[in-house]
Amino acid sequence: MTRRAWIFMGITASVWGASYMFIKIALDDGVRAPSIVFLRVVFGAAVLVPLALRSGGFRGVREHRGWAAAVGMTQVALPFLLITYGERWIPSSLAAILVSAAAIFVVLLSPWLAQGDALRGWGIVGIVLGMVGVALLFGVDLGDDPNAVLGGFMVLLASVLYAVASIWVRTKLPGVAPIGIAASTMIAAAIATLPAALAQPPEHMPSVGTWAALAVLGAGGTGLAFLLYYTLIAEIGVSRASVVAYLAPMFAVAYGAAFLDE
């Protein structure tokens, strides 16, 4: 872990942690989940595509376009939809904590999807403790509210998809520039979510503040964050890069308490 990697990890965690707050702001203003996700990836693409074109980042994408599209679905379109729908019933900070389980699933799935080393000793203890933590979140924080439990499961499923897609980035898109991966996945996700967004438009014209939240969510929490995350995967590996998911909840809890009274 270089100093550059730690800096990238800190920036990614702080920006990703804010994403859950911005999603909640948009939901509270009557913007439906598909519209939030579509606008989020469009704003992200608006930042990433020009950078990819300028730097030639799309060069390696064409021969791996099938896997790039698969990553766009499993790491962007589907998990974004699941998280946004889930946040209708659970606090933004709790959503961020549940998403952090992606780091656990990366370790569990790596031996099968990436031919990584099998867990031994303290690694197994750590995974068991992590799973106990997830169970406690469901039992204590979500309680008996069926909608909250459903929302929690949706967010937890998103963390599984994040783990699978992160491993694919490392194993199926070797040598592709991080900016090319990030930009192409945003394009694929925008195409995939457009029909649902058209079918479920916002209930009314969002306020200026909501548009600002969506713009920051897309440009920062999606565009910048994914560019840094894919850079980390390329430089330090998927297992270490996934630790970002453990750091983001610290910021999400602070944002939720300070700005959303959670």
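Refer to the structure presented above.
Residue positions are given per chain, counting from 1 as you read along its sequence in written order. Per-residue local features of the predicted model are confined to residues with pLDDT of at least 70, and side-chain atom pairs are confined, for both listing and counting, to 80 or more; whole-chain, interface and lining totals are unaffected and use all residues. In computing side-chain values, all of the structure's heavy atoms are included and hydrogens and water are not.

Asks: What should I look at first to understand the overall build of the chain in this one?
Replies: Within the chain one finds 11 helices and zero strands. The secondary structure listing takes helices from DSSP runs of H or I that are at least 4 residues long and strands from runs of E that are at least 2 residues long, numbered from the N terminus. Going from N to C terminus, the chain has its helices and strands arranged as α-α-α-α-α-α-α-α-α-α-α. Its C-alpha radius of gyration of 17 Å places the chain within 12% of the 18 Å reference for a compact globule of 262 residues. The long-range fraction of contacts in the chain, counting pairs at least 24 apart against all pairs at least 6 apart in sequence, stands at 89%. Charge assignment: positive for Lys and Arg, negative for Asp and Glu; neither His nor the chain ends contribute. Note on charges: their place is set at NZ of Lys, CZ of Arg, CG of Asp or CD of Glu. Averaging the locations of the 14 positively and 12 negatively charged side chains of the chain gives two centres separated by 18 Å. Here the globule rule reads 2.2 Å times residues to the power 0.38, and the radius of gyration is calculated from C-alpha atoms. Whether two residues are in contact is decided by their heavy atoms: any pair within 4.5 Å suffices.

Asks: Any chance you could explain the pattern of salt bridges here in plain terms?
Replies: Two side chains that carry opposite charge are able to pair once their charged atoms sit near each other. A carboxyl oxygen of Asp or Glu within 4 Å of a side-chain nitrogen of Lys or Arg is what we treat as a salt bridge. Overall, the coordinates contain one salt bridge when judged by the stated rule. Linking Arg-4 and Glu-235 is a salt bridge whose minimum nitrogen-to-oxygen distance equals 2.7 Å. In this pair, Arg-4 sits in helix α1 (residues 3-28) while Glu-235 sits in helix α9 (residues 208-236), placing the two residues 231 residues apart along the sequence. Partly exposed residues are those whose accessible area sits between 20% and 50% of the maximum for their type, while under 20% is buried and over 50% is exposed, using a 1.4 Å probe and protein chains only. Residue classification places Arg-4 among the partly exposed residues on the basis of a relative accessible area of 42%. Residue class for Glu-235 comes out partly exposed when judged on its relative accessible area of 40%.

Asks: Looking at this structure, how should I read helix α2 (residues 33-55)?
Replies: Think of an α-helix as turning once every 3.6 residues; residues three or four places apart then point the same way. When the terminal C-alpha atoms of α2 are compared, their 33 Å separation across 23 residues agrees well with the 33 Å that a helix rising 1.5 Å per residue should span. Note that bend, as reported per residue, equals the angle between axes fitted to the 7 residues terminating at that residue and the 7 residues originating from it. At Ala-45, α2 shows its largest kink, close to 30°. Positive backbone phi, approximately 75°, marks Gly-56, located one or two places after α2. One less than the residue count of a helix, multiplied by 1.5 Å, gives the span that helix is expected to have.

Asks: Explain the environment of Leu-51 here, please?
Replies: Take Leu-51: it is sitting in helix α2. Separated by 129 residues in the primary sequence, Leu-51 and Gly-180 place their C-alpha atoms 8.8 Å from one another.

Asks: Would you mind showing me how to read the environment of Gly-133 here?
Replies: One can find Gly-133 in helix α6 (residues 122-142). A sequence separation of 104 residues divides Gly-133 from Asp-29, and the C-alpha atoms of the two residues are 32 Å apart.

Asks: Would you mind going over unusual backbone geometry with me for this structure?
Replies: The phi torsion of most residues other than glycine is negative, and most of the peptide bonds are trans. In the Ramachandran plot, Asp-261 falls in the positive-phi region, its phi being about 60° despite a non-glycine side chain. Its location among the elements puts Asp-261 in the segment after α11 (244-259). When its relative accessible area of 72% is taken as the criterion, Asp-261 is described as exposed.

Asks: Before we go on, may I ask you to explain the packing of aromatic side chains in this structure?
Replies: Aromatic ring pairs are described here by two measures, namely the spacing of the ring centres and the angle between the planes. A pair of aromatic rings is counted whenever rings of Phe, Tyr or Trp (Trp by its six-membered ring) have centres within 6.5 Å, and the orientation is called stacked for planes under 30 degrees apart, edge-to-face for over 60 and tilted otherwise. Within the structure shown, the criterion is met by seven aromatic pairs. Measuring from ring centre to ring centre gives 5.3 Å for Trp-16 and Phe-226, while their planes differ by 85°; the resulting arrangement is edge-to-face. Linking Trp-16 in helix α1 with Phe-226 in helix α9, this pair joins segments that are 210 residues apart in sequence. Judged by relative accessible area, which is 0%, Phe-226 ranks as buried. Ring geometry for Phe-80 against Phe-226: centres 5.9 Å apart, planes inclined by 70°, an arrangement best described as edge-to-face.

Asks: In this structure, what is going on with the packing of helix α4 (residues 92-99) against α11? I would like to understand it.
Replies: Think of two packed helices as two axes; the pair is described by the angle between the axes and how far apart they sit. Angles run from 0 to 180 degrees between N-to-C directions of axes, and those axes are lines fitted to C-alpha atoms, restricted for helices to the stretch in contact. Running from amino to carboxyl end, α4 crosses α11 at an angle of 175°, the nearest separation of the two axes being 8 Å. Here α4 is positioned roughly antiparallel relative to α11, judged by the angle of their axes. On α11, the residues that touch Ser-92, Ser-93, Ala-96, Ile-97 and Val-99 of α4 are Ala-245, Pro-249, Ala-252, Val-253 and Gly-256. The nonpolar class holds Ala, Val, Leu, Ile, Met, Phe, Trp, Tyr, Cys and Pro. Asp, Glu, Lys and Arg form the charged class, and all remaining residues, Gly among them, are polar. Looking at the contact of α4 with α11 residue by residue, the classes come out as seven nonpolar, three polar and no charged. Any angle that is under 35 degrees is reported as roughly parallel, and any over 145 degrees as roughly antiparallel; angles of 65 to 115 degrees are reported as roughly perpendicular and all others as oblique.

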